[in-house]
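Structural features, examined
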Amino acid sequence: MSVLKIGQKAPDFKLIGTDLEPIKLGDYKGKNLILHFFPLAFTSVCTAQMCMSRDAESDYSKLNAEVLGVSVDSPFVLDKFGKENNLNFKLGSDFNRTVSNNYGVLFEDDFAGMTHFSKRSAFVIDNKGVVQYAEVTDGKSLPNFEKISETLSAI
């Protein structure tokens, strides 16, 4: 599946939260959502991505936005990762890779003997469920947090 484009309706999703409760796109109705996909918890760039999101949370809140971090890690790994990094937003497990596939960010090529994890990417979904920003990085680079904030400010 190809990566979502700006102006497309965001596909609904159901992830498993660290509390083992479902997280759905509809939970964010009336809010803007920054959906951050990251490959694997506890890796250096993924940790930086999530910590930068944590540090920007108060700015996002002023823009009626919430952050949701998504990876293929289990909810138990994500719970530990979130606690160790004092993350102030939800993390969702896409253990079955459905959401990563629906958003076009499932990495299927061989990378150091591993396949089928989420590409590092960011989506801004407005309060009507429409994609306003979409970025998939090369995996080594962080998403453009400045562009994410600019997009939110323009909504």
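Residues numbered from 1 in each chain as written. Predicted model: local features only at pLDDT ≥ 70, side-chain atom pairs only at ≥ 80, totals over all residues. Heavy atoms only, no water.

For the rest of this paragraph, the subject is the pattern of salt bridges. Within the structure shown, the criterion is met by 4 salt bridges. Among the salt bridges present, the one from Lys31 reaches Glu66, with a minimum N-O distance of 3.8 Å. With a gap of 35 residues between them, Lys31 in the loop between β2 (22-24) and β3 (32-37) and Glu66 in strand β4 (residues 65-71) connect regions that are remote in the sequence. We classify Lys31 as partly exposed; its relative accessible area is 31%. Notably, a salt bridge pairs Asp79 with Lys83, separated by 3.1 Å at the nearest N-O pair. Of the two residues, Asp79 and Lys83 are both situated in helix α3 (residues 75-84); the distance of 4 residues between them amounts to about one turn of the helix. Classification of Lys83 by relative accessible area gives exposed; the value is 59%. (Salt bridge = Lys/Arg side-chain N within 4 Å of Asp/Glu carboxyl O. Helix = DSSP H or I, 4+ residues; strand = E, 2+ residues; numbered from the N terminus. Buried < 20%, exposed > 50% of the residue type's maximum accessible area, 1.4 Å probe, protein only.)

Along the chain, Gly139 falls in the loop between β9 (131-136) and α5 (145-154). By relative accessible area, Gly139 is classed as partly exposed at 26%. The sequence separation of Gly139 and Pro39 amounts to 100 residues, and the corresponding C-alpha distance is 8.1 Å. When sequence neighbours within four positions are dropped, the list of residues in contact with Gly139 reads Val45 and Arg120. (Contact = heavy atoms within 4.5 Å.)

Side-chain alternation along strand β1 (residues 14-17) places Leu15 and Gly17 on a buried face and Lys14 and Ile16 on a face that remains uncovered. Where β1 meets β2, 3 bridges bridge the pair, whose relative direction is antiparallel. Considered in β2, the bridge of Leu15 is made with Ile23. Once β1 ends, the chain turns through 4 residues before running back antiparallel as β2, passing Leu20 with a positive phi of about 70°. Here β1 runs beside strand β5 (residues 90-93); their pairing, made up of 2 bridges, is antiparallel. Looking at the pairing, Ile16 lines up with Ser93 of β5. (Pairing = 2+ DSSP bridges.)

If you check which residues of α3 are buried, you get Pro75, Leu78, Phe81 and Gly82. Take α3 and look down its axis: the buried residues cluster within an arc of 120°, on one side only. In α3, those exposed residues whose orientation departs by more than 90 degrees from the buried face are Phe76 and Lys83. Each element contacted by the buried residues of α3 is listed here: β1, α1 (44-55), β4 and β5. Phi turns positive one or two residues past the end of α3, at Asn86, with a value near 50°. (Arc of directions from axis to C-beta.)

Shape descriptors only; they carry no functional weight alone.
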